[in-house]
Amino acid sequence: MNFLRGVMGGQSAGPQHTEAETIQKLCDRVASSTLLDDRRNAVRALKSLSKKYRLEVGIQAMEHLIHVLQTDRSDSEIIGYALDTLYNIISNDEEEEVEENSTRQSEDLGSQFTEIFIKQQENVTLLLSLLEEFDFHVRWPGVKLLTSLLKQLGPQVQQIILVSPMGVSRLMDLLADSREVIRNDGVLLLQALTRSNGAIQKIVAFENAFERLLDIITEEGNSDGGIVVEDCLILLQNLLKNNNSNQNFFKEGSYIQRMKPWFEVGDENSGWSAQKVTNLHLMLQLVRVLVSPTNPPGATSSCQKAMFQCGLLQQLCTILMATGVPADILTETINTVSEVIRGCQVNQDYFASVNAPSNPPRPAIVVLLMSMVNERQPFVLRCAVLYCFQCFLYKNQKGQGEIVSTLLPSTIDATGNSVSAGQLLCGGLFSTDSLSNWCAAVALAHALQENATQKEQLLRVQLATSIGNPPVSLLQQCTNILSQGSKIQTRVGLLMLLCTWLSNCPIAVTHFLHNSANVPFLTGQIAENLGEEEQLVQGLCALLLGISIYFNDNSLESCMKEKLKQLIEKRIGKENFIEKLGFISKHELYSRASQKPQPNFPSPECMIFDHEFTKLVKELEGVITKAIYKSSEEDKKEEEVKKTLEQHDNIVSHYKNMIREQDLQLEELRQQVSTLKCQNEQLQTAVTQQVSQIQQHKDQYNLLKVQLGKDNQHQGSYSDGAQMNGVQLEEIGRLREEIEELKSNQELLQSQLTEKDTLIENLKSSQTSGMNEESLATASARDSEQVAELKQELATLKSQLNSQSVEITKLQTEKQDLLQKTKTFAESVPVQGDSETVIAAKTTDVEGRLSALLQETKELKNEIKALSEERTAIKEQLDSCNSTVAILQNEKDKLELEITDSKKEQDDLLVLLAEQDQKIFSLKRKLKDLGYPIVEEDELESGDQEDEDDENEDADKDQDSI
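Residues numbered from 1 in each chain as written. Predicted model: local features only at pLDDT ≥ 70, side-chain atom pairs only at ≥ 80, totals over all residues. Heavy atoms only, no water.

**A look at the overall build of the protein chain**
Next up, step 1: Summing up its helical and strand segments, the protein chain has 40 helices and four strands in all.
Next up, step 2: For the protein chain, with 962 residues in total, the buried portion stands at 40%.
Next up, step 3: Within the protein chain, contacts between residues separated by at least 24 positions form 73% of all contacts whose residues are at least 6 apart in sequence.
Next up, step 4: Summed over all atoms, the accessible surface of the protein chain reaches about 54000 Å², with 51% contributed by carbon and sulfur. (Helix = DSSP H or I, 4+ residues; strand = E, 2+ residues; numbered from the N terminus. Buried < 20%, exposed > 50% of the residue type's maximum accessible area, 1.4 Å probe, protein only. Contact = heavy atoms within 4.5 Å. Areas by Shrake-Rupley, 256 points an atom, 1.4 Å probe, with all protein chains shown as cover.)

What follows is the structure, encoded as structure tokens:
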């Protein structure tokens, strides 16, 4: 407030005093007026004054305006005026250009008023609740006011919204608004809300923000859309950048697939609009956010695979090789493709197969390298191509081998019709342009990164320097150019290439030391006292010499480790050598290059260090320092330790191979054992089957033998009669058992029938006792009919059971007769053929009747089961009827009470209306007696509009006079 007083005190006192009084009067009207129209007019007047007299209105009216928002929510017009006035007070948007001091003062005013407004957190919560209103005159100014608050004091307002119940969800509803103005301003509001706040970003993402924003981008025409697409893309970047959770959610939601149509640019002969360039630039940046090298490796790899599977990488490569693409879009597309393929073998293989649409077609890598070594191309484009080549070779030994193979004599095209990647790199390495030298050296160093095989292969490369002279190796040519004293950028590039080449490759070190001029050149460079510009070259020469010592296998007697150390100590000094070595990591451009893999330099002169080379320096600086200070004895001990370690490794590898072979043998033996087990089981089953068959054959043999003996002993009709008698006795025993079972079934059925009778009687009694009124009477009638039907069915079942019992009795008597006949038959020796047929016929008849009885018993059981289910259903119907009756009775009582209350209220209203009419009539009579004209209601309504117009004109006149 002291700041506000100071600002007011510094303003002129003439006209401001009059405006302050006017504003004070308007504030008094807002605070004290009882009529809504008066308050509305006062707030409207404050709104018109708030832009020109922002400070005075803010100081005097803010509290009153907040009170209006709290108390007059039923009137959308006054709420809209109040929100607009608060927006004018808090916002720093000014239509006209003003001086710098006034602009700073305006920004300070906005932050001061914002701080006052959000001091009470309830004000922000109130504003969030007002955004739920669908009225345009309330929602739109509310969105603008909240956006302005977030721009002024974003972190504080974000925290208030974060702790507010459903705060973020209310703001997300703005994206679904059918009015484009509110939807578009809602996107801007969410931009300010999600800036640098991971918690809110996650909430917004899980409120289906990705789906809505992608729908808006599609509706607006993707890259051909207007500024709304740009705003949506900025919001998507806020949600995804440095937020691993949202990136994972975006990938798992299959939203990467929906990005592919963004890059279908089509025929662009008509030109590119500025808005389309901006949109496509943001779209490419959004792809890079998902595959950034700073993301977790697993998340980046999964996004890269998804982009290849959905065809997004293919679409980007199409733009890369297209014609007519603006330079900045082409540069950003190259950077995007670089990060999409970086470290992903599948994507790198696809990129290697891409060809440019030329005649004859050339690989895309060759076309890009042609741009990199061409000094006429823009600097940012050359940096982007270098980054793309580095990403193509990153952790890609297959690609590294293909690049190095283009330099080998056996693969070079003798006809010269096509240019290879290796030829372009060599051309750039030895050109007159220092930037091309540096880029080619760094690109070639990446082809050797962590690949000892390619370092050895590159030693085979021979170069023809001039006609008549013998070819020179690539390694020798690099050292020759280095000794010629070229530009610093060229020498730094060559030294980085040589350091990368010689590290972890003793054979390359031997080739380097074989040239007797190399070591004196390096010691001479390190020992000289040169200026600051040459210190970096001295440091790199010290690093190269240290690598030649550390990775030296002592195969050359003239350049053994100990001799090189003695040379350093005599000509340079160990401390001086280590000091020169430390110049590299202390350089300003070294720290900048070590931050990100992408070569991002403000100018070509700053292009000194490569990101991967900074890692190599950090790895080797310490070990080279230790190697320089070690004595010969320590070196011998270290070599002995290395030898013992190698021997130990050989022994371990030998045993590992033995264990691996034994594992393979064990696996083969296990497979053999499993197959033998299966065969054993099959044989055992076959033996068991054969044993059972043999036993069956034995039983059959014994039976035949017994039958044959019986035939020999008992010949004639007597033996036949005895066998027939045995068969009849077995059949009679079986019939007796079946009859006993039928009796038990009959008793069980009889008990079940008695239970059903008792249940039906209970059901009938419960039906008659539990029902009342007309609805229960109908239900009881229906249920009684069902009970009668059940009784009838039970009666038929009883009759069937009685008939079955009669038949069972008959069967028992027939059984007794059969037994008697059997006895008499056994006593009589001769058996007649007719009696056999009679007994067989009767037995067949008995069996048929028994089967029929069993079938009827089964049917009776099914019918009894159905009856029990029907009884259960009837009981449930009775219960539901009772509950329905109780509910209807309660509702009837409630309705009667409500009717009674409404009648009382109606009578009271009629009395009040009569009294009101009487009062109006008496007032009209008094007005007539006093001589005032009385206007009817129809005339009064037609005159309201004219009165409002007059009031508006009076307010405008008051403003003009003010």
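**Overview of the confidence of the model for the protein chain**
Next up, step 1: The pLDDT averaged across the protein chain works out to 81; a share of 76% of its residues lies at or above 70.
Next up, step 2: This model gives residues 95–100 a pLDDT under 50, and the stretch forms two contacts once residues within four places in sequence are excluded.
Next up, step 3: The low-confidence segment residues 767–780, where pLDDT is below 50, has 18 contacts with residues more than four positions distant or belonging to other chains. (pLDDT = per-residue confidence, 0-100.)

**Let's talk about the packing of helix α4 (residues 54–71) against helix α7 (residues 121–130)**
Next up, step 1: Two elements in contact, α4 and α7, have axes whose closest approach is 11 Å; the angle formed by their N-to-C orientations is 45 degrees. One element, α4, and the other, α7, form an angle in the oblique class. Of the two possible hands of crossing, α4 and α7 adopt the one that is left-handed. Contact with α4, carried on its side by I66, L69 and Q70, involves N123, L126 and L130 of α7 and no other residues of that element.
Next up, step 2: Here the contact of α4 with α7 is composed, by residue class, of four nonpolar, two polar and no charged. (Axes fitted to C-alpha atoms, helices over the stretch in contact; angles between N-to-C directions. Parallel < 35°, antiparallel > 145°, perpendicular 65-115°, else oblique. Left-handed = near helix turned anticlockwise from the far one by under 90°. Nonpolar A, V, L, I, M, F, W, Y, C, P; charged D, E, K, R; others polar.)

**With respect to a nonpolar patch on the surface**
Next up, step 1: A surface patch of nonpolar side chains, amounting to about 390 Å² of accessible area, comprises I651, Y655, M658 and I659.
Next up, step 2: Mapping I651 onto the fold places it in helix α36 (residues 632–713).
Next up, step 3: The class of I651 is partly exposed, set by a relative accessible area of 47%. (Patch = residues over 30% accessible without salt bridge, like charges linked within 9 Å, V, L, I, M, F, W, Y side chains within 5 Å. Salt bridge = Lys/Arg side-chain N within 4 Å of Asp/Glu carboxyl O.)

**A closer look at the side chain of Q400**
Next up, step 1: Along the chain, Q400 turns up in helix α23 (residues 397–405).
Next up, step 2: Taking relative accessible area as the criterion, Q400 reaches 2% and is therefore assigned buried.
Next up, step 3: If we skip the residues at most four places from it in the chain, Q400 touches L393, H446, A447, L448, Q449, N451 and Q454.

**Side note on a negative patch on the surface**
Next up, step 1: On the surface, E898, D901, E905, D907 and D908 cluster together to form a negatively charged patch.
Next up, step 2: Here D901 lies in helix α39 (residues 833–930).
Next up, step 3: Accessibility expressed as a relative area gives 42% for D901, which makes it partly exposed. (Lys, Arg positive; Asp, Glu negative; His and termini not counted. Charge placed at Lys NZ, Arg CZ, Asp CG, Glu CD.)

**Looking at helix α8 (residues 136–152)**
Next up, step 1: Over its 17 residues, α8 runs 24 Å from end to end, which matches the ideal 24 Å to within 8%, given 1.5 Å per residue.
Next up, step 2: α8 sits mainly inside the fold: 12 of its 17 residues count as buried.
Next up, step 3: By the burial criterion, the buried members of α8 are V138, R139, P141, G142, V143, L145, L146, T147, S148, L149, L150 and Q152.
Next up, step 4: Here α8 starts with a cap whose side-chain oxygen sits 2.9 Å from the backbone nitrogen of H137, and that cap is D135. (Expected span 1.5 Å × (residues − 1). Polar contact = N/O pair within 3.5 Å; in protein donor to acceptor, adjacent residues only side chain to side chain.)

**A short note on the packing of aromatic side chains**
In this description, an aromatic ring pair is defined by two values, namely the gap between the centres and the angle between the planes.
Next up, step 1: One pass over the structure, following the stated rule, counts 13 aromatic pairs.
Next up, step 2: Judged by centre distance (5.5 Å) and plane angle (40 degrees), the rings of F250 and Y255 are tilted. Take F250 and Y255: they sit in the same class, and that class is buried.
Next up, step 3: Pairing F609 with F613 gives two aromatic rings, centres 6.5 Å apart and planes at 10 degrees, and the pair type is stacked. With respect to burial, F609 and F613 carry one shared label: buried.
Next up, step 4: An aromatic cluster is built from F206, F210, F249, F250 and Y255, whose rings are joined through pairwise contacts.
Next up, step 5: Its end group placed over the ring of W140, K144 keeps NZ or CZ at 4.1 Å from the ring centre. (Phe/Tyr/Trp six-rings, centres within 6.5 Å; stacked < 30°, edge-to-face > 60°. Lys NZ or Arg CZ within 6 Å of the ring centre and 35° of its normal.)

**Some thoughts on the pattern of salt bridges**
Next up, step 1: All chains considered together, the criterion is met by 22 salt bridges.
Next up, step 2: The partner of E220 in a salt bridge is R183, and the shortest N-O contact between them spans 3.0 Å. One end of the pair, E220, is in the loop between α13 (209–219) and α14 (227–240); the other, R183, is in helix α11 (residues 180–194), with 37 residues separating them in the sequence.
Next up, step 3: Given a relative accessible area of 7%, R183 falls into the buried group.
Next up, step 4: Two residues, R382 and D433, come together in a salt bridge whose shortest N-O distance is 3.0 Å. A residue pair is termed long-range when its members are at least 10 positions apart, and R382 in helix α22 (residues 379–393) and D433 in the loop between α24 (421–429) and α25 (434–447) qualify at 51 residues.
Next up, step 5: Through salt bridges with shared partners, one network takes in D37, R40, R44, D75 and E77.

**With respect to unusual backbone geometry**
Next up, step 1: Look at the link from N359 to P360: it is a cis peptide, with omega at 0 degrees.
Next up, step 2: Within the secondary structure layout, P360 lies in the loop between β1 (355–356) and β2 (362–363).
Next up, step 3: Within the chain, N222 stands out as a residue other than glycine whose phi angle is a positive 55 degrees.
Next up, step 4: Among the structural elements, N222 can be located in the loop between α13 and α14.

**Some thoughts on the environment of L214**
Next up, step 1: Mapped onto the fold, L214 is located in helix α13.
Next up, step 2: Contact partners of L214, with chain neighbours within four places excluded, come to L236, F250, Y255, R258 and W262.

**Here's the deal with the side chain of Q152**
Next up, step 1: Relative to the helices and strands, Q152 resides in helix α8.
Next up, step 2: For Q152, a relative accessible area of 18% gives the class buried.
Next up, step 3: At a separation of 3.4 Å, a polar atom in the side chain of Q152 contacts the side chain of N92.
Next up, step 4: Within polar-contact distance, the side chain of Q152 engages the backbone nitrogen of S111 at 3.3 Å.

**Overview of the packing of helix α19 (residues 327–341) against helix α20 (residues 345–353)**
Next up, step 1: In the contact formed by α19 and α20, the axes pass within 8 Å of each other and the chain directions differ by 135 degrees. Classified by the interaxial angle, the pair formed by α19 and α20 is oblique. Within the contact between the two elements, α19 uses V337, V340 and I341 and α20 uses N347, Q348 and F351.
Next up, step 2: Residues that form the contact of α19 with α20 fall into these classes: four nonpolar, two polar and no charged.

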